[in-house]
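Observations on chain architecture
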Amino acid sequence: MRLFFFMLVAAAASAARAGDDLSFAAPFDAVAATGDRQVSPAWRAHGSAAVHRNFARLTPDRQSKAGALWSAESVGADQATLELTFRISGQGQHFFGDGLALWLSADRAFRAGAFHGADPRFAGVAVVADTFRNDEAAAAHRDLALVASGGGAADAAALLEGAAGCDASVRYHENRGD
């Protein structure tokens with residue numbers, strides 16, 4: 001199975017493979033033919049995502065926004081190492097936004113949807129940081145969850161039922177003591 005990275009978070013990622021084609025880190029100086037800044041030529045921005053010189057912002061701190069960065073290439077290796085640095089921040093101390101997810105998927109193309117910005121019918125694994133407890137999935141809610149899917153789940157609640165996870169304070173706020 002060929003894996004593709006779909007990332008609904010961004011700051012830094014690294015996949016161990018020849019040439020590290022899927023790695024990226026600031027400063028982001030690459031520019032696409034459209035004039036938009038890129039994290040690297042191997043990654044595409046989607047939706048509300050904006051790439052700045054020193055960081056990539058997936059969404060502004062506003063309701064009903066979704067953004068993504070996803071690779072245009074497969075990992076191309078039997079083993080990979082992934083390092084991800086991110087920050088969930090904004091004006092609210094506790095909530096605003098639904099969270100973010102890192103996708104390792106067999107699906108070649110990104111498909112937008114209702115499961116943290118992506119289609120819940122993905123085939124692969126997602127690491128989800130959920131910053132909002134939705135009423136319809138409150139019983140299965142985990143702040144951090146590891147979700148595996150064969151591509152058949154039709155909604156987020158079904159995906160989260162068997163997911164391993166824990167509760168954690170993942171949102172950054174300047175007034176927090178840590």
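Summarised in this report is the structure supplied together with it. Values in this document were obtained by computation on a predicted structure and should not be read as measured data.

Cut-off values and rules
- Residues numbered from 1 in each chain as written.
- Predicted model: local features only at pLDDT ≥ 70, side-chain atom pairs only at ≥ 80, totals over all residues.
- Heavy atoms only, no water.
- Patch = residues over 30% accessible without salt bridge, like charges linked within 9 Å, V, L, I, M, F, W, Y side chains within 5 Å.
- Areas by Shrake-Rupley, 256 points an atom, 1.4 Å probe, with all protein chains shown as cover.
- Salt bridge = Lys/Arg side-chain N within 4 Å of Asp/Glu carboxyl O.
- Helix = DSSP H or I, 4+ residues; strand = E, 2+ residues; numbered from the N terminus.
- Buried < 20%, exposed > 50% of the residue type's maximum accessible area, 1.4 Å probe, protein only.
- Phe/Tyr/Trp six-rings, centres within 6.5 Å; stacked < 30°, edge-to-face > 60°.

Thoughts on a nonpolar patch on the surface
There is a patch of nonpolar side chains on the surface, built from Val 125, Val 127 and Leu 146 and spanning about 230 Å² of accessible area. By the secondary structure assignment, Val 125 is in strand β11 (residues 123–130).

A closer look at the pattern of salt bridges
For the coordinates displayed, the defined rule picks out five salt bridges. With a shortest N-O distance of 2.7 Å, Asp 119 and Arg 121 are connected by a salt bridge. Judged by relative accessible area, which is 47%, Arg 121 ranks as partly exposed. Several salt bridges share partner residues, and in doing so they unite Asp 107, Arg 111, Asp 119 and Arg 121 into one network.

Remarks on the packing of aromatic side chains
Taken as a whole, this structure holds five aromatic pairs when the rule is applied. With 5.1 Å between their ring centres and 80° between their planes, Phe 24 and Trp 43 make a pair best called edge-to-face. Of this pair, Phe 24 sits in the loop between β1 (4–7) and β2 (30–31) while Trp 43 is found in strand β4 (residues 43–47), placing the two residues 19 residues apart along the sequence. Here Phe 24 and Trp 43 have matching classes, each one buried.

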